[in-house]
Amino acid sequence: MTLNDIIKATYPSGQKPNADQLRAIKHVTGPLLIVAGPGSGKTKTLITRSLNLLICQRIKPENILLCTFTEKAARQLRDRLNTGLKKCSADDIDIHEMTIGTIHSVCQKIIDEYPNEAGVGIFSKTRGLGRGYIVLDDIKRTFFMMEHFDKIFGEKDREGRYLGQWKGFWDT
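Keep in mind that what you see is a predicted model, and the values were worked out from it rather than measured.

### Observations concerning unusual backbone geometry
Reasoning step 1: A positive phi angle, near 55°, is found at R58, a position not held by glycine.
Reasoning step 2: You can see R58 is positioned in the loop between α3 (42-56) and β1 (65-68).
Reasoning step 3: Phi angles above zero are rare outside glycine, and S89 is one such case at about 55°.
Reasoning step 4: Residue class for S89 comes out exposed when judged on its relative accessible area of 64%.

### Quick look at a nonpolar patch on the surface
Reasoning step 1: Judged by side-chain polarity, I139, F143 and M146 come together as a nonpolar surface patch covering roughly 370 Å² of accessible area.
Reasoning step 2: Here F143 lies in helix α7 (residues 138-147).
Reasoning step 3: The class for F143 is exposed, based on a relative accessible area of 53%.

### Focus on the packing of helix α1 (residues 3-10) against α3
Reasoning step 1: Running from N to C, α1 and α3 cross one another at 140°; their axes reach a closest spacing of 10 Å. Relative to α3, α1 is oriented so that their crossing is right-handed. For the pair formed by α1 and α3, the contact residues are L3, I6, I7 and T10 on the first element and K44, T48, L51, N52, I55 and C56 on the second.
Reasoning step 2: Of the residues that constitute the contact of α1 with α3, the class distribution is six nonpolar, three polar and one charged.

### Points about helix α4 (residues 71-87)
Reasoning step 1: With 17 residues, α4 extends 24 Å from end C-alpha to end C-alpha; this agrees with the ideal 24 Å at 1.5 Å per step.
Reasoning step 2: For α4, every residue scored as buried is listed here: A73, A74, L77, L81, G84 and L85. Buried residues of α4, viewed axially, fall in a sector of 110°; they line one side. Residues of α4 that are exposed and angled more than 90 degrees away from the buried face: K72, K86 and K87.
Reasoning step 3: Summarising the contacts, the buried residues of α4 are in contact with α3, β1 and β2 (99-102).
Reasoning step 4: In the stretch just after α4, S89 is the one whose phi turns positive, near 55°.

Analysis parameters
Residues numbered from 1 in each chain as written. Predicted model: local features only at pLDDT ≥ 70, side-chain atom pairs only at ≥ 80, totals over all residues. Heavy atoms only, no water. Helix = DSSP H or I, 4+ residues; strand = E, 2+ residues; numbered from the N terminus. Buried < 20%, exposed > 50% of the residue type's maximum accessible area, 1.4 Å probe, protein only. Patch = residues over 30% accessible without salt bridge, like charges linked within 9 Å, V, L, I, M, F, W, Y side chains within 5 Å. Areas by Shrake-Rupley, 256 points an atom, 1.4 Å probe, with all protein chains shown as cover. Salt bridge = Lys/Arg side-chain N within 4 Å of Asp/Glu carboxyl O. Axes fitted to C-alpha atoms, helices over the stretch in contact; angles between N-to-C directions. Left-handed = near helix turned anticlockwise from the far one by under 90°. Contact = heavy atoms within 4.5 Å. Nonpolar A, V, L, I, M, F, W, Y, C, P; charged D, E, K, R; others polar. Expected span 1.5 Å × (residues − 1). Arc of directions from axis to C-beta.

See below:
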């Protein structure tokens with residue numbers, strides 16, 4: 001299967017990637033960061049690039065990392081990648097060893113795999129995160145902010161507003 005076959009399988013009839021998307025899809029050496037607005041085709045580009053890496057370049061799934069910001073987007077990446085593999089008749093490729101997740105889950109996985117380097121292991125020689133650290137996802141962060149609101153934002157000022165200690169901080 002060629003890259004053109006993969007593009008035909010992942011893009012609807014008559015559609016094709018634009019020049020920037022194609023450049024990202026063809027990028028096969030080293031990491032790639034895609035920054036674009038909603039609805040711009042980031043997910044389709046990542047899926048097509050991943051299929052190129054897996055099928056054409058024969059990169060092992062465990063050597064590929066796909067990272068996004070939301071759990072919903074991470075699930076979509078995994079689901080669409082499986083669908084793309086089936087469309088390309090390559091569903092014998094097992095992507096369970098691929099790292100696909102949110103920035104939070106990927107960081108947690110790295111810390112768990114390398115606790116001493118992160119400063120949380122029993123043999124750690126660095127002053128890193130320390131024991132009892134928690135990587136906060138969106139929900140945990142919200143609850144943390146609510147629980148520690150007064151410590152973070154301080155008391156209300158005379159006008160009944162919070163963040164009085166920050167007033168003028170960003171003024172130029």
